[in-house]
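# Geometric and topological summary
Okay, here's what each chain looks like letter by letter:
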Amino acid sequence: MTLLNDRPTDLAGTGSRLVVEETESFRVHRDSMVSPAILSEEHAKIFDHNWLYVGHESEIAQPGDYVRRRVGGRPLFMVRGVKSGDVNVFHNSCTHRGAVVCRQDQGNAKVFQCFYHAWTFDSEGKLAGVPDREAYGGTLDWERLGLKSVARVESYRGFVFCCFDPDVVGLVEYLAGAKDYLDLIIDAAPADMEIVRGTNHYGMDANWKLLVENSIDGYHAVSTHDTYFKYLVALGTDLSVGVKGTAHDLGNGHAVLEYEAPWGRPVAKWEPLFGDDAKPSIDGLRAGLVERFGEERAHRMADLNRNMLIYPNLVVNDIMALTVRTFMPTAPGHMEITAWEMAPREEQPDVRQRRLDSFLTFLGPGGFATPDDIEALESCQQGFTSGGVEWNDISRGMAREPQANDEAQMRAFWRRWRHDMDQP
Amino acid sequence: MSAPAEVRRPTRAEVEDLLFEEAELLDAWDLDTWLTLYTEDAHYVIPATDAPDGDPTTDLVLVDDDRLRMRLRVDRLNSRKAHREYPHSACRHLVTNVRVGEPVDGEIPVRASFIVWRSRNGKESTWVGGYTYRLVAVAGELRIRSKRVELDMSSLRPANDVAIIL
Ligand code: FES
Ligand SMILES: [Fe+2]
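Residues numbered from 1 in each chain as written. Chains lettered and ligands numbered in written order. Predicted model: local features only at pLDDT ≥ 70, side-chain atom pairs only at ≥ 80, totals over all residues. Heavy atoms only, no water.

### Considering the overall build of chain B
Counting its secondary structure elements, chain B contains 3 helices and 6 strands. Secondary structure elements of chain B occur, N-terminal to C-terminal, as α-α-β-β-α-β-β-β-β. The C-alpha radius of gyration of chain B comes to 16 Å, within 12% of the 15 Å expected for a compact globule of 166 residues. Dimensions of chain B, computed from the C-alpha atoms along their principal axes, are close to 50 × 30 × 30 Å. (Helix = DSSP H or I, 4+ residues; strand = E, 2+ residues; numbered from the N terminus. Rg over C-alpha atoms; globule rule 2.2 N^0.38 Å.)

### What about the coordination of the iron ion (ligand 2)?
Residues and elements named next belong to chain A. Distances from the iron ion (ligand 2) to its protein donors, His 220 (NE2), His 225 (NE2), Asp 373 (OD) and Asp 373 (OD), fall within 2.1 to 2.4 Å. Positions of the donor residues of the iron ion (ligand 2) along the chain correspond to the pattern H-x4-H-x147-D. You can see His 225 sitting in the loop between helix 7 (221–224) and helix 8 (226–234) and its partner Asp 373 sitting in helix 11 (residues 370–384), a full 148 residues away along the chain. Neither His 225 nor Asp 373 differs from the other in exposure class; each is buried. (Donors = N, O, S within 2.8 Å, 3.2 Å for Na, K, Ca; no water. Buried < 20%, exposed > 50% of the residue type's maximum accessible area, 1.4 Å probe, protein only.)

### Thoughts on the domain arrangement of chain A
All names here are of chain A. Under the domain assignment, chain A is made up of domain 1 (52–167) and domain 2 (176–421). Distance from the C-alpha centre of domain 1 to the C-alpha centre of domain 2: 33 Å. Counting residues at the interface gives 12 residues for domain 1 and 18 residues for domain 2. For the domain 1 and domain 2 pair, buried surface summed over both sides reaches about 1,300 Å², with 71% attributable to carbon and sulfur atoms. The largest share of the area that domain 1 buries against domain 2 comes from Tyr 53, Arg 157 and Phe 159, three residues that together contribute 42% of it. The residue Asp 187 makes a salt bridge to Arg 157 at a minimum N-O spacing of 2.8 Å. At the surface where domain 1 touches domain 2, the tally comes to 4 residue pairs in polar contact (both at pLDDT 80 or more). Of all the secondary structure elements, the ones that give two or more residues to the side of domain 1 that touches domain 2 are strand 3 (52–56) and strand 12 (159–163). A total of 3 residues in the side of domain 1 that touches domain 2 trace back to one element, the largest contributor, which is strand 3. The residue makeup of the side of domain 1 that touches domain 2, split by class, is 5 nonpolar, 4 polar and 3 charged. (Domains from an automatic or database assignment. Contact = heavy atoms within 4.5 Å. Buried area = accessible area lost by both parts, 1.4 Å probe. Salt bridge = Lys/Arg side-chain N within 4 Å of Asp/Glu carboxyl O. Polar contact = N/O pair within 3.5 Å; in protein donor to acceptor, adjacent residues only side chain to side chain. Nonpolar A, V, L, I, M, F, W, Y, C, P; charged D, E, K, R; others polar.)

### Observations concerning the pattern of salt bridges
Scanning all chains against the criterion turns up 57 salt bridges over all chains. A salt bridge links A:Asp420 to A:Arg416; the nearest nitrogen and oxygen atoms lie 3.3 Å apart. Placement of the pair is A:Asp420 and A:Arg416 together in helix 12 (residues 408–422), with a separation of 4 residues, close to one helical turn. A:Arg416 shares its class with A:Asp420; the two are buried. Three or more residues are tied together by salt bridges with common partners; here these are A:Asp205, A:Glu375, A:Glu378, B:Arg84, B:Glu85, B:Arg118, B:Arg120, B:Lys123 and B:Asp161.

### Overview of the interface of chain A and chain B
Residue-level contacts link 40 residues of chain A with 36 residues of chain B. When chain A packs against chain B, close to 3,300 Å² is buried across both sides, 48% of that on carbon and sulfur atoms. Among the residues chain A hides against chain B, the three largest losses belong to A:Arg197, A:Leu360 and A:Phe368. Together they make up 20% of the total. A:Arg197 serves as the salt-bridge partner of B:Asp53, at 2.6 Å between the closest nitrogen and oxygen. Taken together, the connections running from chain A to chain B amount to 26 residue pairs in polar contact (both at pLDDT 80 or more). Of all the secondary-structure elements, those providing two or more residues to the side of chain A that touches chain B are strand 14 (200–204), helix 7, helix 8, strand 20 (334–344), helix 10 (349–362) and helix 11 of chain A. Here the element with the most residues in the side of chain A that touches chain B is helix 10 of chain A; it accounts for 7 residues. Split into classes, the residues belonging to the side of chain A that touches chain B amount to 14 nonpolar, 16 polar and 10 charged.

### Some remarks on helix 1 (residues 12–27) of chain B
Residues and elements named next belong to chain B. The end-to-end C-alpha distance of helix 1, which contains 16 residues, comes to 22 Å, matching closely the 22 Å that a straight helix rising 1.5 Å per residue would cover. Where helix 1 is concerned, the buried positions are Val 15, Leu 18, Leu 19, Glu 22, Ala 23, Leu 25, Leu 26 and Asp 27. Structurally, helix 1 contributes buried residues whose contacts are with helix 2 (31–35), strand 1 (38–47), strand 3 (90–100), strand 4 (108–120), strand 5 (123–138) and strand 6 (141–151). After helix 1 finishes, the residue Trp 29 shows a positive phi value of roughly 60°. (Expected span 1.5 Å × (residues − 1).)

### A word on a negative patch on the surface
Residue and element names in this part refer to chain B. Taken together, the side chains of Asp 17, Glu 21, Glu 24 and Glu 141 define an acidic patch exposed on the protein surface. It is helix 1 that contributes the most residues to the negative patch, 3 residues altogether. Relative to the elements of secondary structure, Asp 17 occurs in helix 1. The exposure class assigned to Asp 17 is exposed, which follows from its relative accessible area of 55%. (Patch = residues over 30% accessible without salt bridge, like charges linked within 9 Å, V, L, I, M, F, W, Y side chains within 5 Å. Areas by Shrake-Rupley, 256 points an atom, 1.4 Å probe, with all protein chains shown as cover. Lys, Arg positive; Asp, Glu negative; His and termini not counted. Charge placed at Lys NZ, Arg CZ, Asp CG, Glu CD.)

### A few points about the pairing of strand 14 of chain A
Residues and elements named next belong to chain A. With 4 of 5 residues buried, strand 14 lies mostly within the body of the structure. As judged from the 5 bridges shared by strand 14 and strand 20, these two strands associate in the antiparallel manner. Along strand 20, the bridge assignment pairs Tyr 202 with Ile 337. (Pairing = 2+ DSSP bridges.)

Right under this line is the structure:
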């Protein structure tokens, strides 16, 4: 891609040096969490070659709607073409001499004018205006000077992904087993899904892979989130159901936990914290699911929670609310996190209110649980600097059928990470 | 609720006394006393950084506490299991630019600017923004019925969280 192709060629095998799997033992070397050299290898081998989440189609519902995003560490923007109605994802850089073309986080525009010398591009990326065009003579190829689309852009059921590698497999093939889980989550909505207005933009002073692990870690719930469980108890929830379920390797580094938990689910699982008034409405939602999907699938949709990782850095957690979360490292010990709430479109106001409320109790940087996750991951990062201990242990559950509080789902991620990082 | 017509507009000094007391209690981590400054039907809201006009009934916000959840938030922060804030950080709430409006329907609207500093575990965090309060007189004392915290920050980075009460 770059003209100065000066990457050393002896980078093969990094993954296998850092991820070591033996019978009943799975270890990850802590260099993977602290080394700047590993981070730049991750950019080249992981973020430049895998499908990365850009945003949701509902965020750009109308022609000309756009959102600005950093994806894989690069400034991009996603815009719905005014003529085509297509979802376009462009590198956010003027083809003239580089300035950022889309300079607002979101909005609606027919054209994007670069403020530096006023080149103008339309929503399909075409170069539509150049001041003093006559200065260029007659043979310059203006077509070639349109905005540069990201090499590959595809969406699956509203989730828009892009990939900087033109040779990547198609998105559906890439999603592998994660596709069925996305279907299950999206089908549970009576209408299409949408992203709720209001975003959690926050950060952690921790390696990005610690949030991969944490997002699909059932083992830490009881110890780290004691105050959240106390909150549930204060509102009348019976904790005896506990956190029970299974973990699944979904292929290509994706993984999911599926489990029962004591909290309520706005989809269709009533708990006392929603209030007695909400019971008939939630029972109605549940009956609707049974009617549409039968008892067994409806039970999974309504009662079971899912924490799903889509490799490398997208998390879709269908828990006490539905959250979509992506994160990117800015340094070995720091990441930027963006999280949204997803909900069925045109939801009844009382149902939406319950859903928003349920999100906030646990999730988000002001919730009753997320701040303690931040503390836990930052604490690990600080612990790594102590030295002396070289390896993290991720062996839990290797000797049994993986349960939701085991670490099989993390091993699925690390095996794919090892594979990608073994490339030359 | 007091009869709307009879509410006197308090002086800025009277309002500042209340806001400064609140700041002092938060800085001292005396959260149980802090709660007593609020009415039984109080609300405490922090909208998202990218939607400062956010409405908690339709938009995702950072914090949307009614009085019950304020109580439970205080219980959480008082416990040794609120890991992000145990041990407690050193905090300093600075409240300034206080403006007192004309009473409307028995409530006194107040705006103020704030900076909150947090220092913990070798890290400094800062939150900057504006407070919007609605105050009421309860048995002759000013109490807070609503506090809305709008952050002048394009994201929560680098503060990373709102684990403390702003
Ligand atoms: S850099 Fe955009 S017009 Fe010159
Ligand atoms: Fe957690």
